[in-house]
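Observations on chain architecture
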Amino acid sequence: MAWSQDEERMLAMIERHLTDEDPKLAARLESFNHRAERRRQGKGAGRRLPGRSTVIIAVSWLLIATLIATLLVMALRHDAAALPV
């Protein structure tokens, strides 16, 4: 649905006032709009890289699994060494 001329005029006026009163905020919002537009355009182009927290969680689980496997191997070797031959 298209915007009416009055609505477009009011939005342009709000944008001018915002830019005049707080240019730093206006620049940040413009940057956000550009990033959102790029994300929308490239949505089907490929996969997004995992976030930092996802990588940290994956590495933590890998370390926990390695620790558990090491402890099991050590326990089984200890039990095997204790058996009489």
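Provided above is the structure to which this section pertains.
From a predicted model like this one, the values you see are computed outputs, not experimental measurements.

**Some points on the pattern of salt bridges**
Under the criterion given, the structure shown has one salt bridge. With a shortest N-O distance of 2.2 Å, Arg9 and Asp6 are connected by a salt bridge. With Arg9 and Asp6 both in helix H1 (residues 5–21) and three residues apart, the pair spans about one turn of that helix. Residue Asp6 is classed as partly exposed on the basis of its relative accessible area of 45%.

**Looking at the layout of surface pockets**
Approximately 150 Å³ is the volume attributed to the largest pocket. Contributing to the lining of the largest pocket are Leu11, Ile14, Glu15, Leu18, Thr19, Ala26, Leu29, Glu30 and Asn33. Counting only elements with at least two residues in the lining of the largest pocket, the list comes to H1 and helix H2 (23–41). A per-element tally of the lining of the largest pocket places H1 first, with five residues. Of the residues assigned to the lining of the largest pocket, the class counts are five nonpolar, two polar and two charged.

**Observations regarding the packing of H1 against H2**
Their axes nearest at 5 Å, the elements H1 and H2 cross at an angle of 125°. With respect to their mutual orientation, H1 and H2 come out oblique. Residues Leu18, Thr19, Asp20 and Glu21 of H1 form the contact with H2, whose own contacting residues are Pro23, Leu25, Ala26 and Leu29. Residue composition of the contact of H1 with H2, grouped by class: five nonpolar, one polar and two charged.

The rules we used
- Residues numbered from 1 in each chain as written.
- Predicted model: local features only at pLDDT ≥ 70, side-chain atom pairs only at ≥ 80, totals over all residues.
- Heavy atoms only, no water.
- Salt bridge = Lys/Arg side-chain N within 4 Å of Asp/Glu carboxyl O.
- Helix = DSSP H or I, 4+ residues; strand = E, 2+ residues; numbered from the N terminus.
- Buried < 20%, exposed > 50% of the residue type's maximum accessible area, 1.4 Å probe, protein only.
- 1 Å grid on protein atoms, 1.4 Å probe; cavity = no way out; pocket = protein on both sides within 12 Å on 5 of 7 lines; lining within 4 Å.
- Points joined across faces, edges and corners; volume = space filled by probe spheres on them.
- Nonpolar A, V, L, I, M, F, W, Y, C, P; charged D, E, K, R; others polar.
- Axes fitted to C-alpha atoms, helices over the stretch in contact; angles between N-to-C directions.
- Parallel < 35°, antiparallel > 145°, perpendicular 65-115°, else oblique.
- Contact = heavy atoms within 4.5 Å.

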